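Residue strings, one per chain:
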Number of protein chains: 2
Amino acid sequence: MGKTELREVSTGNCRVLLESVPLGRLAFVHDGLPVIRPVNFTVAEDAIYLRAGRNSWADRISGQPVTFEVDGYDRADRTGWSVIVTGIATLATDIETVAGQLGNDLRSWAPPPRDRLLRIAIGRIDGRLIAHPGESGTTE
Amino acid sequence: MGKTELREVSTGNCRVLLESVPLGRLAFVHDGLPVIRPVNFTVAEDAIYLRAGRNSWADRISGQPVTFEVDGYDRADRTGWSVIVTGIATLATDIETVAGQLGNDLRSWAPPPRDRLLRIAIGRIDGRLIAHPGESGTTE
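Residues numbered from 1 in each chain as written. Chains lettered and ligands numbered in written order. Predicted model: local features only at pLDDT ≥ 70, side-chain atom pairs only at ≥ 80, totals over all residues. Heavy atoms only, no water.

Regarding the pairing of strand β6 (residues 65-74) of chain B
All names here are of chain B. Counting buried residues in β6 gives 7 out of 10 residues, a clear majority hidden from the surface. Here strand β2 (residues 23-30) runs beside β6; their pairing, made up of 3 bridges, is antiparallel. Its bridge partner lying in β6, R25 is registered against E69. Sheet topology note: the β6/strand β7 (residues 79-91) ladder contains 10 bridges and is antiparallel. Of the residues in β7, the one forming a bridge with E69 is I84. Linking two consecutive strands that pair antiparallel, namely β6 and β7, is a turn of 4 residues; a positive phi of about 60 degrees is found at R78 within it. (Buried < 20%, exposed > 50% of the residue type's maximum accessible area, 1.4 Å probe, protein only. Helix = DSSP H or I, 4+ residues; strand = E, 2+ residues; numbered from the N terminus. Pairing = 2+ DSSP bridges.)

Description of the interface of chain B and chain A
Taken together, the 36 residues of chain B in the interface contact 37 residues of chain A. When the two sides are added together, the surface that chain B and chain A hide from each other amounts to roughly 3100 Å², 66% of it contributed by carbon and sulfur. Looking at the side of chain B facing chain A, the largest losses of area belong to B:P34, B:I36 and B:W109, adding up to 24% of the total buried there. A salt bridge links B:R25 to A:E69, with the shortest nitrogen-to-oxygen separation between them at 3.8 Å. Remark: the boundary between chain B and chain A carries 8 residue pairs in polar contact (both at pLDDT 80 or more). Of all elements in the fold, only β1 (5-9), β2, β3 (33-40), β6 and β7 of chain B reach the threshold of two or more residues within the side of chain B that touches chain A. Top contributing element to the side of chain B that touches chain A by residue count: β6(B), with 7 residues. (Contact = heavy atoms within 4.5 Å. Buried area = accessible area lost by both parts, 1.4 Å probe. Salt bridge = Lys/Arg side-chain N within 4 Å of Asp/Glu carboxyl O. Polar contact = N/O pair within 3.5 Å; in protein donor to acceptor, adjacent residues only side chain to side chain.)

Considerations on unusual backbone geometry
All names here are of chain A. In the Ramachandran plot, D31 falls in the positive-phi region, its phi being about 55 degrees despite a non-glycine side chain. Tracing the backbone shows D31 in the loop between β2 (23-30) and β3 (33-40). Unusually for a residue other than glycine, E45 sits at a positive phi of about 50 degrees. For E45, the location among the structural elements is in the loop between β4 (42-44) and β5 (47-52).

As C-alpha cells, then:
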C-alpha cells in the first residue's frame, strides 16, 4: 500500500465533507461517562440538526457541550478522512417551524416517534485525512 | 422506502459486526468534555486493541472508562446497524509481545510513529439495527 501521510482539512472542505454523509456519531457526557449515539442529521447554516425520541438522551443533553463526528474511508487503500464538530446542543422548541424550513432531510431512518429536535451550534470544526503522498485524499 | 423498525442485536452478532469493519470511533471524557477519535482497531478475545501516537490522547485515558462505536449503513435503503462497546482503557506496556501475538492487523492507517498500544477491555457490548420489517437487516 505504501506510506500514508496525515493532513489537516480546510474549514471549507470540512463543511463539504460534513454534508456528504447521512450518518454521524454524537458524543456527550452522562454521569461522567462518555456516550456515543449514531444519528442521521442535516446541516443548515451554522448548526447540525437531528431527531431523537422523547424521553431519550436528547432530553438530558440540552445545554451541554457535545462532539459530533463524521468520517469516510477506503478499506482497500487504507485511507480515510474525518471531521469533528464541537458545540452546544439545545432542544428546539419550535420543531414544526424548523422542520418545515429544513424539509424532508430531517427525517431519521429510525422508526417514529422521533419527536425531539436537537440543534448543535457548530462552535468549532476540524478535519483530518490520511492519504498517500501526492494523492489528494478521498474527496479533496 | 417504507417503514423501518429498530431491533436489538444479539451479543454473538455484535461480535461478528464489530470484527467486520476496520474503523471505529473511540469516545472518552477529557476535562469534562466529550472527545471522539476515529481509529483503526483489532479485536482479540475480550478486548479491542488500537495504536496511537506518543504524547497523544492515549496517554491521558489509560485507566479511564471509554466507549467504542462501529457502524455500517445502506444510504439508499435508509437502514443500518451499530455496535457500542463500553470498557476501561489501559496502555499496554508489553507492546512488542501483544503486537507479535496480534500480527499485522494491529497496524494503523495513520503514518508512524504509533508507539502507544491501547487495550479496551470489553465490559459491555450492545447493538441495534434499523431494518425494514421482514428483512434481516444489513448483515444478520
